[in-house]
Amino acid sequence: MALFIRSLSTLVAISVALAPVGAFAQDATQPSTDTQAPAAATPQGATPPPSGDSAQKQLPEVEIIQTQPNTETVETETPGKPKPAKKKQTAARRTATKRKPKPQPAPEPEVVEATAPTEVTSPAPLVSNAGPLSSETTVQVAPLSGSEIPLAKVPISVGRASADQIATEGSGQVQQTLQQTVPGIIITDIGGSGFRTDVSYRGFDASPVGGRAQGLAVYQNGVRINESFGDAVNLDIIPSNAIQDITVMSSNPVFGLNAIGGAISIVMKDGFNYEGGEIDLMAGSFGRRQVGVQAGGNSGGVSAYFAGQYIDEDGFRDFSEAEVKRFYGDLGFKGDNSEIHFSLTAANSVAGVVAAAPVEVLDQGWGRTFTSPQDTEVEVFMPTLSAKVRATETLTFSGVGYYRHLKQRVIDGNLSEAERCDDNEDELCLGDEELEYVGGVAPTFDDDDAIGSIERINTDADSYGVALQAVEKSNLFGRPNQFLVGVSYDHGNVNYQTSSEVGTIGNRFVVSGTGAIVENPLELAPRNLDTENNYYGIYFTNTLDVTDQLAVTVGGRYNYATIDLKDLTGNFENLTADTTYERFNPTVGATYAIMPGLSIYGSYSEANRAPTAAETGCADEEFPCFIESFLTDDPPLKQVVSKSVEAGIRGESKSWDGERFSWSLGYFRTLNTDDILNVASQEVTGRGYFLNAGDTLREGFEAAVGYQTSRVSMYASYAFVDATFRDNVILPAPNTPTGTELCPEGDDDGDDDDDGPALCNYVQSGDSLPGIPKHRFKAGIAYWLTPKWKIGTDLVAASDQFFFGDEANNNRKLSGYTRVDLNTSYDITDNIQVYGLVKNIFDRRYGLYGTFFDTEETNESGATEAAGYDEDFEDARSITPSLPFAAYGGVKIKF
């Protein structure tokens, strides 16, 4: 923190010292006026660069949020744009002007192609926008384009990460940029891979890991990309350099299932909004090697754009290598009243998701792991066709259709619950039942071998869908009005297979397979399941300007979901089942402009989340699942319904010379009924199941502030998130070290078979949900020392949080943390830039996720001795370690 404060002080001192010299930077981007001082001469060759990775062709700055390529023709004479100032005339000029000029025809207004609807502002500053969004920013309030309205009329909270901010952060992991730019977002890392982290927004998650309760709807160019089987979100397959911007909105039911906590909308670039090309080469700590390319342009009404990234690194932890190959391309066609885009997303991502490790293991080395291999490979192929037609001056139709193929392979080494049978130590038993093997192939192992297992999970999903939307912007009762209505259909077919191979544990807890696949007992038997889901939706919203200051929005969405499961093994006939969920979710809100630059907003909305096939297939405590693994005969789960209230105030001020100060303050409250949780199994170590755990509440407030001039940009935000249980519930807690009590059910003697008493957490209303820090603070500054050299720093801080498994809040918390990153760039020429990134400059060691493991079972299995540890485990805490100090450098070549 001391270095961060010193850095800020140094930047301020440099700013003051260079202010007279730096006048040229401001004058270069501002229109002249009668009272403006003469601009200092710009040094030869020192042309202020455009912000971030914008194209070589400089365009007027447009601040806009959208979720679909969308262009219209607009005139450059836009309200709010500064007019050229009149210059003082010399005597000679006054004499010359006495001559009566010949009449000249009035010039035609200049017309440019720009993303619509737009607000052309003052010339672009050197630095990217920071802090809360401008009230002039347009926000797409429905999945498809054409629904944009100004932020000043949006009655919910909105955040954004721009292409420039993604490029400045530099890691290629957009989750990091979202954490910096959106007050309510924090990162959780269950898998142990920076590419596959969770985005947690106000306590609601978008995660690539099966078993997480997904509470955010995620869209890419209008296509819902929550995967069919478990609603997981694979952000690692999207090229970060191809993203135009990412919008994060709080509860808006128009975005359909999973929008109980909000929606994330990703807009990709195309050849109409990106012209030029770029090659980005980067290397650095832990063997990181990264190449990114992008190019785009248009001719007449045809555009083309493509982007690709290749990222390879060794990782800072054992066995945490990652290789990511991802591509995005777009071909666009535009006429006077229509626009069509064909795009393709294709990727292959292989990551060592080495997960949490016992704190005593990490004491031996921050990069150590606990049980491996743990690898995840994801392949995605998604072509998309989208179109937009302007039928009349006020009526626009939009549509999108897509196909998505997902292939995912998970290999996960673990300790085994199976142990040598009491009456035959050459055989393995689970409880009193002897293991049987596929094909009769039994494992071979030595007497002193510790027994482990390798779980394999194969998912193949084919999805397709279509969405149509109409937007009418004609006046209603003589007042400006926007009415939209849309329908959507999403279909998914999934084949899901799992198996468990007996293995032995070696040095550093590496599990080696024996080739023996367990067939019985059923808890460990292979699964082979086909699932089919159909999601239907119809939605509408209407925003009416009741007065010049007051805008009122009403709307809603009807969701209808069917989920069909079919067991293909013949061992779980009751798993074959059909379930249906439906609900209409309303929304109402209003905004009021108190004065120019100051407005208030408020809203009420409802949303629902249908249980996924993964959750409905794993809801029986008698047959727990290895998440992400085994499915069993299960009782039905109830859908989750959220009810949200939100209110806030936004303010901003701008000066003639480009200074902008913005701020926002908002309150939110979301009550979930019948919330779904994943809890640990009492029967089998490492497995769990899903259940409805009553009501839960997320409540808090967010505050943000930003300041920007032509050469400095600063931001800060704070979020308070109080996430609590609202019902008294009893949850299993087999590994929780303290504060548990005997479960109310079990054997007559209170024992869980022969493993000792079954223990539970007795959760009281008001107890905190695990894994959600109450306090999160972000701040940053970017400063142009010269028109060619920029430096910046970003800080993220989070308070402590309860471990997963400690729902009753009886154990010590996972400690909070503060992380500071630095970045700098220098433009050698207009086309060549070198840059550097430093992550976690203070080398803070902290956990991004915390849970518990069974120390007694681990010690008794002989795994610690087999792994090379002299002493048994005593501390049940297990955490995912943060990235330590890391430095990277690169070069960008633009053309």
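Reading the values: the criteria
- Residues numbered from 1 in each chain as written.
- Predicted model: local features only at pLDDT ≥ 70, side-chain atom pairs only at ≥ 80, totals over all residues.
- Heavy atoms only, no water.
- Helix = DSSP H or I, 4+ residues; strand = E, 2+ residues; numbered from the N terminus.
- Buried < 20%, exposed > 50% of the residue type's maximum accessible area, 1.4 Å probe, protein only.
- Contact = heavy atoms within 4.5 Å.
- Pairing = 2+ DSSP bridges.
- Phe/Tyr/Trp six-rings, centres within 6.5 Å; stacked < 30°, edge-to-face > 60°.
- Lys NZ or Arg CZ within 6 Å of the ring centre and 35° of its normal.
- Patch = residues over 30% accessible without salt bridge, like charges linked within 9 Å, V, L, I, M, F, W, Y side chains within 5 Å.
- Areas by Shrake-Rupley, 256 points an atom, 1.4 Å probe, with all protein chains shown as cover.
- Salt bridge = Lys/Arg side-chain N within 4 Å of Asp/Glu carboxyl O.
- pLDDT = per-residue confidence, 0-100.
- Disulfide = S-S within 2.5 Å.

Remarks on the environment of N475
(1) Moving on: Relative to the helices and strands, N475 is located in the loop between strand 25 (450-472) and strand 26 (481-505).
(2) Moving on: Given a relative accessible area of 54%, N475 falls into the exposed group.
(3) Moving on: Sequence separation between N475 and L544 is 69 residues, and the spatial gap between their C-alpha atoms is 8.7 Å.
(4) Moving on: Among residues more than four places away in sequence, those in contact with N475 are P480 and N481.

What about the sheet that holds strand 46 (residues 877-881)?
(1) Moving on: Taking strand neighbours across the sheet as the criterion, the three strands line up as 18-46-45 in an open arrangement whose pairing is antiparallel. Edge positions in the sheet fall to strand 18 (357-358) and strand 45 (847-852), since each of these pairs with one other strand and no more.
(2) Moving on: Here four bridges tie strand 45 to strand 46, and the two strands are oriented antiparallel to one another. Paired with F852 across the strands is R877, a residue of strand 46.

Comments concerning the packing of aromatic side chains
(1) Moving on: Inspection of the entire model under this criterion finds 18 aromatic pairs.
(2) Moving on: Ring centres 5.0 Å apart and planes at 40° place the aromatic pair Y489 and Y536 in the tilted group. Linking Y489 in strand 26 with Y536 in strand 28 (residues 527-545), this pair joins segments that are 47 residues apart in sequence.
(3) Moving on: Overall, Y536 belongs to the partly exposed group, its relative accessible area being 39%.
(4) Moving on: With a centroid separation of 5.7 Å and 55° between ring planes, the pair formed by F701 and Y718 is classed as tilted. Highlighted residues: F701 in strand 36 (residues 696-708) and Y718 in strand 37 (residues 712-725), separated in sequence by 17 residues.
(5) Moving on: Exposure remark for Y718: the relative accessible area of 25% places this residue in the partly exposed category.
(6) Moving on: Between the NZ or CZ atom of R202 and the centre of the ring of F668, over which it lies, the distance is 4.2 Å.
(7) Moving on: Over the aromatic face of Y835 sits the side chain of K892, whose NZ or CZ is 5.5 Å from the ring centroid.

Regarding the pairing of strand 42 (residues 789-798)
(1) Moving on: In terms of residue burial, strand 42 counts as a mostly covered element, since eight of its 10 residues are buried.
(2) Moving on: Between strand 41 (residues 775-784) and strand 42, which pair antiparallel and follow one another directly, the connecting turn spans four residues.

Structural notes on the environment of F255
(1) Moving on: Position of F255 among the secondary structure elements: in the loop between strand 11 (243-249) and strand 12 (263-268).
(2) Moving on: What makes F255 buried here is its relative accessible area of 0%.
(3) Moving on: Linking F255 and L144, residues 111 residues apart in sequence, is a C-alpha distance of 9.8 Å.
(4) Moving on: With near-sequence residues (within four places) excluded, F255 lies in contact with Q140, V141, A142, P143, A217, Y219, M249, A263 and R557.

What to know about a nonpolar patch on the surface
(1) Moving on: Residues I279, L281, V291, Y310, W789, Y826, I828, I832, V834, I893 and F895 make up a contiguous nonpolar surface patch of about 890 Å² in total accessible area.
(2) Moving on: Sorting the residues of the nonpolar patch by element identifies strand 13 (276-284) and strand 44 (832-839) as the ones contributing at least two each.
(3) Moving on: Within the secondary structure, Y310 sits in strand 15 (residues 302-313).
(4) Moving on: Overall, the relative accessible area of 32% leaves Y310 in the partly exposed class.

Re the sheet that holds strand 23 (residues 433-434)
(1) Moving on: Within the open sheet, the three strands sit side by side as 21-22-23. Their pairing is antiparallel. Taken across any chain shown, the strands that pair with only one partner, and hence form the sheet edges, are strand 21 (419-420) and strand 23.
(2) Moving on: In this sheet, strand 22 (residues 428-430) lies alongside strand 21 in antiparallel orientation, the contact comprising two bridges. Residue pairing across strands places E419 opposite C429, the latter belonging to strand 22.

Observations regarding the confidence of the model for the chain
(1) Moving on: Counting all residues, the mean pLDDT for the chain is 83, and 81% of those residues have values of 70 or more.
(2) Moving on: When the criterion is pLDDT under 50, residues 627-634 qualifies, and its contacts beyond four places in sequence or with other chains add up to 54 contacts.

Considering the state of the cysteines
(1) Moving on: Evaluation of the coordinates by the stated rule reveals two disulfides.
(2) Moving on: At a sulfur-sulfur separation of 1.9 Å, the disulfide partner of C421 is C429. Between C421 and C429, the S-S dihedral sits near 100°, and the bridge is therefore right-handed. Summarising the burial analysis for this pair, C421 and C429 share the class buried.

Focus: unusual backbone geometry
(1) Moving on: Here the residue pair S372 and P373 is connected by a cis peptide bond, since its omega of 10° sits within 30 degrees of zero.
(2) Moving on: Along the polypeptide, P373 turns up in the loop between helix 6 (359-364) and strand 19 (374-390).
(3) Moving on: Of note, the amide linkage connecting N520 to P521 takes the cis form, showing an omega dihedral of 5°.
(4) Moving on: Structurally, P521 is set in the loop between strand 27 (511-520) and strand 28.
(5) Moving on: The phi torsion at F319 lies on the positive side, around 60°, for a residue other than glycine.
(6) Moving on: Tracing the sequence through the fold places F319 in the loop between strand 15 and strand 16 (322-334).
(7) Moving on: Take F319: its relative accessible area is 35%, and that puts it in the partly exposed class.
(8) Moving on: In this structure, R508 takes a positive phi of about 55° despite not being glycine.
(9) Moving on: For R508, a relative accessible area of 30% corresponds to the partly exposed category.

Quick notes on the pairing of strand 46
(1) Moving on: With five of five residues buried, strand 46 is to be regarded as a mostly interior element.
(2) Moving on: Side chains R877, I879 and P881 project from strand 46 onto one buried face, and the interleaved S878 and T880 project onto a second face that is buried too.
(3) Moving on: Here strand 18 pairs with strand 46 via two bridges, running antiparallel. Each bridged residue has a counterpart across the sheet, and for P358 the counterpart in strand 46 is S878.

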